[in-house]
Amino acid sequence: MNFGLSEEQEMIVETVRAFVETEIYPHENEVERSGIVPPELGDEIRRKCIDLGFYACNFPEEVGGAGLDHVTFTLVERELGRGSLGLTVFFGRPSGILMACEGEQRERYLLPAVRGEKIDALAITEPDAGSDMRGMKCAARRDGGDFVLNGTKHFISHADVADFVIVFAATGEEETPKGIKKKITAFLVDRGTPGFEILRGYDSVSHRGYHNSTLNFTDCRIPEAQVLGEVHRGLDIANQWLYGTRLTVAATCVGRARRVFDLALPYAAERKQFGKPIGANQGVSFKLADMITEIDAADWLTLAAAWQVDAGRPADRQIASAKLYASEMLARVTDEAIQIFGGMGLMDDLPLARFWRDARVERIWDGTSEIQRHIISRDLLRPLGA
């Protein structure tokens, strides 16, 4: 077992960390204050990422990506996790679902997304359909050679800056052992398509500057040529996408936790009360011991899951475990860091309160903690017939 990074991986980690520290950190406070990333700043981050050769590094070389394996890409996401999501989104990791593009779709959507010329967004969640994807009400019916889409999506991340959206909609029903369920199809829908409206979403306490939007579709006509993958087979590519994004969530949680720990450790060594550093007291030093143990455990769990994917082995349970543990670990670590800083931990002079608020959503999106526990438990019990 070799737990060391290769020379190339070490270089990638150092390069991405330096990028985050020099290009992201200086703008975080203003984004946190205003809740807005100026378009010119987003464009500048994207351009610098392209110049570095890291844009769409999650895509294979044959379509213009960097072709990183899952372990190396997870290391990239871990370093990006140290920075504000409202800014690091412009570092450019298009949705892997776009690899399902065929024919003209590759020229219109896949390749421009990989080159950084177009930004995509993914639309699955609805007001009445979150974890239950097959309960979605947004529906598309055939009309000649087109589909006509009606319905609403919400909590759609960065749709406000997207050039096109990958929309999942019900296109029929089928009988299953659990009753009648919706058949789901994925569509590529351009911004500006008649009947497609992008509205400002909800104000969130987490990840300010990284906006969610509400999407309304009213008799929105979509040519069949813009079906992504196969009709009624949208869940296949959705599940493949969620497979990777849960690893991303785990990795970014580790990155945020390490940044928080890097603030708490020297503070505990330098801050004095009753004539000695507060870190000399077990009430603080034991917190640090628990924090670094949990961070390391989440880190190795995440990298091990990525390695499992690279090895071509089933990894649903490992990825679910990584997402579950890392997201819940981040909540504990940020809370303990604030406790170490005391009242100052909640002041805007430090980023701890921001990380604390940001941590809360990680246990919800890309599959709630309860969904991850379901995946893990079913993987354990199903082989035993339970």
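Going by the structure above, here's the rest.
Scope of this entry: the structure provided in the associated data block.

Quick notes on the rules
- Residues numbered from 1 in each chain as written.
- Predicted model: local features only at pLDDT ≥ 70, side-chain atom pairs only at ≥ 80, totals over all residues.
- Heavy atoms only, no water.
- Helix = DSSP H or I, 4+ residues; strand = E, 2+ residues; numbered from the N terminus.
- Rg over C-alpha atoms; globule rule 2.2 N^0.38 Å.
- Buried < 20%, exposed > 50% of the residue type's maximum accessible area, 1.4 Å probe, protein only.
- Areas by Shrake-Rupley, 256 points an atom, 1.4 Å probe, with all protein chains shown as cover.
- Phe/Tyr/Trp six-rings, centres within 6.5 Å; stacked < 30°, edge-to-face > 60°.
- Lys NZ or Arg CZ within 6 Å of the ring centre and 35° of its normal.
- Axes fitted to C-alpha atoms, helices over the stretch in contact; angles between N-to-C directions.
- Parallel < 35°, antiparallel > 145°, perpendicular 65-115°, else oblique.
- Left-handed = near helix turned anticlockwise from the far one by under 90°.
- Nonpolar A, V, L, I, M, F, W, Y, C, P; charged D, E, K, R; others polar.
- Patch = residues over 30% accessible without salt bridge, like charges linked within 9 Å, V, L, I, M, F, W, Y side chains within 5 Å.
- Salt bridge = Lys/Arg side-chain N within 4 Å of Asp/Glu carboxyl O.
- Pairing = 2+ DSSP bridges.
- Contact = heavy atoms within 4.5 Å.
- Core = buried A, V, L, I, M, F, W, Y, C linked by side-chain atoms within 4.5 Å.

### A closer look at the overall build of the protein chain
Secondary structure summary: the protein chain contains ten helices and ten strands in total. For the protein chain, whose C-alpha radius of gyration is 22 Å, the value lies close to the compact-globule estimate of 21 Å for 386 residues. The buried share of the protein chain, reckoned over its 386 residues, is 49%. With the model as given, the accessible surface of the protein chain reaches about 18,400 Å², and the carbon-plus-sulfur share is 52%.

### Observations regarding the packing of aromatic side chains
Applying the stated criterion across every chain, the model contains nine aromatic pairs. Here the aromatic rings of Tyr-109 and Phe-164 are separated by 4.8 Å at their centres, their planes lie at 65 degrees, and the arrangement is edge-to-face. Within this pair, whereas Tyr-109 is found in helix H5 (residues 104-115), its partner Phe-164 is found in strand S4 (residues 164-176), the two being separated by 55 residues in sequence. Each member of the aromatic cluster is reached from another via a ring pair, and the members are Phe-19, Phe-54 and Phe-91. Taking the ring centre of Tyr-109 as reference, the NZ or CZ of Lys-118 above it sits at 5.4 Å. Across from the ring centre of Tyr-325, 5.7 Å away, lies the NZ or CZ of Arg-332, which sits over that ring.

### Thoughts on the environment of Arg-141
Within the secondary structure, Arg-141 is located in strand S2 (residues 139-143). Note: C-alpha distance between Arg-141 and Glu-40 (101 residues apart in sequence) is 39 Å.

### Let's talk about helix H9 (residues 352-361)
Counting buried residues in H9 gives eight out of ten residues, a clear majority hidden from the surface. Buried within H9 we find Leu-352, Ala-353, Arg-354, Phe-355, Arg-357, Asp-358, Ala-359 and Val-361.

### As for the packing of helix H7 (residues 282-310) against helix H8 (residues 316-341)
The N-to-C vectors of H7 and H8 enclose an angle of 160 degrees; their axes lie 9 Å apart at closest approach. When the interaxial angle is binned, H7 and H8 end up roughly antiparallel. For the element pair H7 and H8, the recorded crossing hand is left-handed. Grouping the constituent residues of the contact of H7 with H8 by class yields 17 nonpolar, five polar and four charged.

### Observations regarding a nonpolar patch on the surface
Together, Met-344, Leu-346, Met-347 and Trp-356 give the surface a local cluster of nonpolar side chains, amounting to about 370 Å² of exposed area. Mapped onto the elements, Trp-356 comes out in helix H9.

### Side note on the pairing of S4
Where strand S1 (residues 120-123) lies against S4, four bridges are found, and the strand directions are parallel. If you follow Ala-123 over to S4, its bridge partner there is Val-167. Here twelve bridges tie S4 to strand S5 (residues 179-190), and the two strands are oriented antiparallel to one another. Among the inter-strand pairings, Glu-174 is bridged to a residue of S5, identified as Lys-181. Hairpin remark: S4 followed by S5, antiparallel, with two residues in the connecting loop.

### Focus: the environment of Trp-300
Checked against the element boundaries, Trp-300 lands in helix H7. Overall, Trp-300 belongs to the partly exposed group, its relative accessible area being 42%. Expressed as a C-alpha distance, the spacing of Trp-300 and Val-254, which sit 46 residues apart in the sequence, is 9.8 Å.

### Observations concerning the side chain of Thr-252
In this structure, Thr-252 sits in helix H6 (residues 234-270). Non-local contacts of Thr-252, meaning those with residues more than four positions away in its chain, are made with Glu-77, Arg-78 and Gly-81.

### Some thoughts on the nonpolar core
Membership of the largest hydrophobic core comes to 48 residues, with the highest contact counts inside it found for Leu-98, Ile-166, Phe-168 and Leu-228. Put simply, the parts of the chain that give this core at least two residues each are helix H1 (7-34), helix H2 (39-52), helix H3 (70-80), H5, S4, S5 and H6. The dominant element in this core, judged by the number of residues it contributes, is H1, at six residues. Once residues lying within four places of it in the same chain are set aside, the contact partners of Leu-228 are Ile-97, Ala-100, Cys-101, Gln-105, Ile-166, Ala-186, Phe-187, Leu-188 and Ile-237.

### Some details on the environment of Gln-308
Within the secondary structure, Gln-308 is located in helix H7. Its relative accessible area of 15% is what places Gln-308 among the buried residues. Contact partners of Gln-308, with chain neighbours within four places excluded, come to Arg-313, Pro-314, Ala-315 and Gln-318.

These figures come from the coordinates and say nothing about function on their own.
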